[in-house]
Amino acid sequence: MISELSNEKQRTLALSLLALCLVFTVGLIITPIMNSAATDDEAIDDLKFTLRRYQKIVAGKDQIVQQTNVIRARQKQDGYFINR
């Protein structure tokens, strides 16, 4: 059946089938990989935001410890009981 077609039509058919295979490959393989990469980028951005928030909390630790020590010293002077 295909052999009955002219060389030009056979070539056109072959190129059309090749194009169809390429489109199919892109649709089934490459697109999900790209979507996965985009999802991973969003997750990385969320984790970076969380890390920055935790770093800010840790950066304020010394000030909080100092304030806690001041409060404990005041409570000790006033005679209040401190558990820790």
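Residues numbered from 1 in each chain as written. Predicted model: local features only at pLDDT ≥ 70, side-chain atom pairs only at ≥ 80, totals over all residues. Heavy atoms only, no water.

## Concerning the overall build of the protein
When helices and strands are tallied, the protein shows two helices and zero strands. Against the 2.2 N^0.38 benchmark of 12 Å for 84 residues, the protein shows a C-alpha radius of gyration of 34 Å, more extended than a compact globule. Dimensions of the protein, computed from C-alpha atoms along their principal axes, come out at roughly 105 × 20 × 10 Å. The burial tally for the protein puts 1% of its 84 residues in the buried class. (Helix = DSSP H or I, 4+ residues; strand = E, 2+ residues; numbered from the N terminus. Rg over C-alpha atoms; globule rule 2.2 N^0.38 Å. Buried < 20%, exposed > 50% of the residue type's maximum accessible area, 1.4 Å probe, protein only.)

## Things to note about a negative patch on the surface
Judged by side-chain charge, Asp40, Asp41, Glu42, Asp45 and Asp46 come together as a negatively charged surface patch. You can see Asp41 is positioned in helix α1 (residues 7-59). (Patch = residues over 30% accessible without salt bridge, like charges linked within 9 Å, V, L, I, M, F, W, Y side chains within 5 Å. Areas by Shrake-Rupley, 256 points an atom, 1.4 Å probe, with all protein chains shown as cover. Salt bridge = Lys/Arg side-chain N within 4 Å of Asp/Glu carboxyl O. Lys, Arg positive; Asp, Glu negative; His and termini not counted. Charge placed at Lys NZ, Arg CZ, Asp CG, Glu CD.)

## Focus: helix α2 (residues 61-78)
Along its 18 residues, α2 runs 26 Å from first to last C-alpha, staying within 8% of the 26 Å computed at 1.5 Å per residue. The positive-phi residue at the C-terminal boundary of α2 is Gly79, with phi of around 90 degrees. (Expected span 1.5 Å × (residues − 1).)

## Overview of α1
In this model, α1 (53 residues) spans 75 Å end to end at C-alpha, consistent with the 78 Å of a helix rising 1.5 Å per residue. Largest kink in α1: about 35 degrees, centred on Val26. (Bend = angle between axes of the 7 residues up to and from the residue.)

## Quick word on a nonpolar patch on the surface
There is a patch of nonpolar side chains on the surface, built from Phe24, Val26, Leu28, Ile29, Ile30, Ile33 and Met34 and spanning about 710 Å² of accessible area. As for its position among the elements, Val26 is in helix α1.

None of this, on its own, says anything about what the molecule does.
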